[in-house]
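Observations on chain architecture
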Amino acid sequence: MAVNYPNSDLLISAGQIKQFPALPLPQAVFSGRSNVGKSSLINCLLGRKSLARVSSTPGKTVTVNFYRVDNKAVFVDLPGYGFAKRSGDSQRQWSELTDGFFTKNKNIDLLKIAVQLVDIEVGPTKDDLMMIDYLVRTGIKFIVVASKADKPNKTNRTIALDKLRSCELIPADTPIIPFSSKSGEGREELRRILADAMGIS
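Procedures and definitions
Each chain carries its own residue numbering, running from 1 in the direction its sequence is written. Where totals are concerned, whole chains, interfaces and linings use all residues; where local detail is concerned, this predicted model gives features only for residues with pLDDT of at least 70, and gives and counts side-chain atom pairs only at 80 or more. Side-chain calculation: all heavy atoms of the structure are included, whereas hydrogens and water are not. Under the scheme used here, helices are H or I runs from DSSP no shorter than 4 residues and strands are E runs no shorter than 2 residues, and both carry numbers assigned from the N terminus. Note on classification: 1.4 Å probe, protein chains only; a residue is buried when its accessible area is under 20% of the maximum for its type, exposed when over 50%, partly exposed between these limits. Every residue pair with non-hydrogen atoms within 4.5 Å of one another is taken to be in contact. The Shrake-Rupley method, run with a 1.4 Å probe sphere, supplies the accessible areas, and residue values consider only the shown protein chains as cover. Positive charge is attributed to Lys and Arg, negative charge to Asp and Glu, and no charge count is given to His or to the chain ends. For charged residues, the charge sits on one atom: NZ in Lys, CZ in Arg, CG in Asp, CD in Glu. Throughout this description, the term nonpolar core refers to a set of buried Ala, Val, Leu, Ile, Met, Phe, Trp, Tyr and Cys residues connected via side-chain atoms within 4.5 Å. Two strands are counted as paired when DSSP detects at least two bridges linking them.

Below, the discussion takes up the overall build of the chain. On a plain count of helices and strands, the chain comes out with five helices and seven strands. N-terminal to C-terminal, the α/β element order of the chain is β-β-α-β-β-α-β-α-β-α-β-α. For the chain, the spread of C-alpha atoms along the principal axes amounts to about 45 × 45 × 35 Å. Considering the chain as a whole, with its 201 residues, one finds that 50% of them fall into the buried category. Taking the contacts inside the chain whose residues are at least 6 apart along the sequence as the reference set, 75% of them involve residues at least 24 apart. Accessible surface, the chain: about 10,000 Å² in total, of which carbon and sulfur atoms supply 50%. When the 28 basic and 20 acidic side-chain charges of the chain are each reduced to a single mean position, those positions are 6 Å apart.

The biggest cluster of nonpolar side chains holds 32 residues, and the ones touching the most others in it are Val29, Phe66, Val76, Phe101 and Phe102. Taken together, the elements giving at least two residues each to this core come down to β3 (64–69), β4 (73–77), α2 (88–103), β5 (111–119), α3 (126–138), β6 (142–147) and α4 (154–165). Setting aside chain neighbours within four positions, we find phenylalanine 101 in contact with Phe20, Gln27, Val29, Phe66, Val76, Leu78, Ile108 and Leu111. One finds Val3, Ala28, Val145 and Leu190 within the second-largest nonpolar core, a separate group that totals 30 residues.

On to the pairing of β4. Of all five residues making up β4, five are buried, and the element is well covered by its neighbours. Burial along β4 is two-sided: Ala73, Phe75 and Asp77 and Val74 and Val76, pointing in opposite directions, are all buried. The pairing of strand β2 (residues 27–31) with β4 spans four bridges and is parallel. Paired with alanine 28 across the two strands is phenylalanine 75, which belongs to β4. Here five bridges tie β3 to β4, and the two strands are oriented antiparallel to one another. Its bridge partner lying in β4, arginine 68 is registered against valine 74. In textbook terms, the turn of a hairpin is the stretch between consecutive antiparallel strands, and for β3 and β4 this stretch comprises three residues, one of which, aspartate 70, has a positive phi near 50°.

A separate point is unusual backbone geometry. Even without being glycine, asparagine 35 reaches a positive phi, approximately 70°. In this structure, lysine 148 is a non-glycine residue whose phi angle is positive, near 60°. Among the residues examined, lysine 148 registers a relative accessible area of 19% and is labelled buried.

Okay, structure coming up:
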């Protein structure tokens, strides 16, 4: 039976590792810098306008958000990184939560795929490359989403995608998907990849 994506809900915005929910459902985790469009992407994937809250102040909230998708899977939204104005305490909380998701998560065996977002106009930042390197070293299956794909013109878009595909840290067989939450470009392809990885198609 097809996944009914709008039939989704926010399980918890976890500010502490001990709050991570224990559900026997496959997980997909979403990672990227602040203001890269993770919340907009999740809303687009789920066919919901405002389930994932789009912050007006990037980097302000430090939580790991767990979304239950049609009671078949869990989407995990990690807090955005690389926000320069974040306080020292906030930076430490981000580090503890993000690291804890991968190292102290009692359901880490249920993590089937990671979605690494990269702003198509900005390209991979130092923090993006650190995250990609971590995913490669730990053997976590991942794909790269080039977010905000509607913004650059055709020429700049082609140049940006070629640069992303030539990034030495990204394995050659890694899918790189241009995505726009405004136009819906890439949504069905991303849904298919996630469903296949989590065994819910």
